[in-house]
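Architecture and fold: a report
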Amino acid sequence: MSTLLALDTATEACSVALLHDGKVTSHYEVIPRLHAQKLLPMIQQLLADAGTTLQAVDAIAFGRGPGAFTGVRIAIGVVQGLAFALDRPVLPVSNLAVLAQRAYREHGVSQVAAAIDARMDEVYWGCYRETAGEMRLVGNEAVLPPEAAALPVDASGEWFGAGTGWGYAERIAVNLSGQDASMLPHAEDLLTLARFAWERGEAIVADQAQPVYLRDKVATPKAR
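Basis of the calculations
Chains are numbered independently. Their residues run from 1 in the order of the written sequence. The predicted origin of the model limits local features to residues at a pLDDT of at least 70 and limits the giving and counting of side-chain atom pairs to 80 or more, whereas totals for whole chains, interfaces and linings rest on all residues. The basis for every side-chain value is the complete set of non-hydrogen atoms in the structure, without hydrogens or water. Only strands that DSSP links by at least two bridges are regarded as paired with each other. We count a stretch as a helix when DSSP gives it H or I for four or more residues in a row; a strand needs E for two or more, and each element gets its number in order from the N terminus. The axes used here are C-alpha line fits, helices contributing only the stretch in contact, and every angle between their N-to-C directions lies in the interval 0 to 180 degrees. Note on definitions: a residue-residue contact is assigned when non-hydrogen atoms from the two residues lie within 4.5 Å. Across the chain, each position has a pLDDT score giving the predictor's confidence in that residue, from 0 to 100. The handedness criterion is simple: a crossing whose near helix is rotated anticlockwise from the far helix by less than a right angle is left-handed, and one whose near helix is rotated clockwise is right-handed. Gly is put with the polar residues, along with every residue not named as nonpolar or charged; the nonpolar set is Ala, Val, Leu, Ile, Met, Phe, Trp, Tyr, Cys and Pro, and the charged set is Asp, Glu, Lys and Arg. The pairing test for Phe, Tyr and Trp rings, Trp by its six-membered ring, is centres within 6.5 Å, and the orientation test on the planes gives stacked under 30 degrees, edge-to-face over 60, and tilted for anything in between. Accessible area is worked out with a 1.4 Å probe on protein chains only. A residue is then buried under 20% of its type maximum, exposed over 50%, and partly exposed in between. For this document, the term salt bridge refers to a Lys or Arg side-chain nitrogen within 4 Å of an Asp or Glu carboxyl oxygen.

**Looking at the sheet that holds strand 4 (residues 59–63)**
The strand order across the open sheet built from five strands is 3-2-1-4-5, with neighbouring strands paired in mixed fashion. The two strands at the open ends of the sheet, each matched to only one other strand, are strand 3 (23–30) and strand 5 (90–93). For this sheet the average axis-to-axis angle between neighbouring strands, irrespective of direction, equals 15 degrees. Two strands pair when backbone bridges link them, and strand 2 (residues 13–20) and strand 3 are joined in this way by eight bridges, in the antiparallel orientation. Paired with Cys14 across the two strands is Glu29, which belongs to strand 3. Contacts between helix 1 (residues 35–50) and the sheet are confined to strand 1 (4–8), strand 2 and strand 3, with strand 2 contributing the most and set at about 25 degrees to the helix. Sheet strands in contact with helix 2 (residues 69–86) are strand 1, strand 4 and strand 5, and its direction is about 175 degrees off that of strand 4.

Listed below in structure tokens is the structure:
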């Protein structure tokens, strides 16, 4: 059975998860601005607790965004460093999808409108529907003003709102069955999605790992 390592630093939460010998273990902390200091020790402790080493890892999954610019870059840097050193493939996973998967795990909901506060009076937005235990994107992910957020055109049934973007709930014209505006991505759910991707053969080489910001202006130098 494959051993998969997952890590996420795209939001205020920093988390790692491991699938080894069929067992999933994870560690999760909300530690704003401490991700760079805490991530590698968390990985080392997780591996030690599972009684294994990095050399046993078959692939490394990570939250590729959207999320905080610095947080996403930390994940990319650590993943590329580990993957190059170990000569292992990587599995990029959307942080919005991770939110939807966590809502499915914790609340049992099958349709999720995931939203992350993107600052600048905008939200990162994506709608997901459960299929065979996997939350799959319906439509496209986007960054937009809260007032522009909407469910898919074919939406029906009940939808659950997950993520910090729902702090703008009064400005989002979407009817929900429930919501959790404090929910952050968790590596345990990232690992779940990575397992589906791994089984489909979607792993890529480390130098293809790229962040997804959705907001094109984020890392673009100003013209002079």
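Further notes follow.
**So, the confidence of the model for the protein**
Per-chain confidence: the protein averages 95 in pLDDT, with 96% of residues scoring 70 or above. This stretch, residues 218–224, has a pLDDT under 50; its non-local contacts, to residues over four places away or in other chains, come to three contacts.

**With respect to the packing of helix 1 against helix 2**
Relative orientation of the contacting elements helix 1 and helix 2 amounts to 40 degrees, with a least axis distance of 10 Å. Between helix 1 and helix 2 the crossing geometry is right-handed. Here helix 1 contributes His35, Ala36, Leu39, Leu40 and Ile43 to the contact with helix 2, which in turn contributes Ile74, Val78 and Leu82. Residue composition of the contact of helix 1 with helix 2, by class: seven nonpolar, one polar and no charged.

**Examining the packing of aromatic side chains**
One pass over the full model with this rule turns up two aromatic pairs. Relative to Tyr213, the ring of Phe69 lies with its centre 5.3 Å away and its plane at 35 degrees, an arrangement referred to as tilted. Of this pair, Phe69 sits in helix 2 while Tyr213 sits in the segment after helix 4 (187–199), and the two are 144 residues apart along the sequence. For the ring pair Trp125 and Trp166, a centre distance of 5.7 Å and an interplane angle of 55 degrees mean the geometry is tilted.

**Details of the environment of Glu170**
One can find Glu170 in the loop between strand 9 (160–162) and strand 10 (178–180). Judged by relative accessible area, Glu170 falls into the exposed class, the value being 64%. It is 44 Å that separates the C-alpha atoms of Glu170 and Asp49, two residues lying 121 residues apart in sequence.

**A short note on the pattern of salt bridges**
Under the definition given, this model contains 13 salt bridges. Between Glu12 and Arg119 there is a salt bridge, with the nearest N and O atoms lying 3.8 Å from each other. Of this pair, Glu12 sits in the loop between strand 1 and strand 2 while Arg119 sits in the loop between strand 6 (111–117) and strand 7 (123–131); the two residues are 107 residues apart in sequence, bridging distant segments of the chain. Where salt bridges share partners, they join Arg102, Arg105, Glu106, Glu188 and Asp189 into one cluster.

**So, the sheet that holds strand 7**
On the basis of which strands lie adjacent, the open sheet formed by five strands has the order 8-7-6-9-10 and mixed pairing. Both outer strands of the open sheet, strand 8 (134–144) and strand 10, are each paired with one neighbouring strand and no more. Across the sheet, the axes of successive neighbouring strands diverge by a mean angle of 20 degrees, strand direction being ignored. As judged from the seven bridges shared by strand 6 and strand 7, these two strands associate in the antiparallel manner. The residue bridging Ile116 from the neighbouring strand is Tyr124, located in strand 7. Where helix 3 (residues 95–107) meets the sheet, it contacts strand 6, strand 7, strand 8, strand 9 and strand 10, and its direction lies at approximately 130 degrees from that of strand 6.

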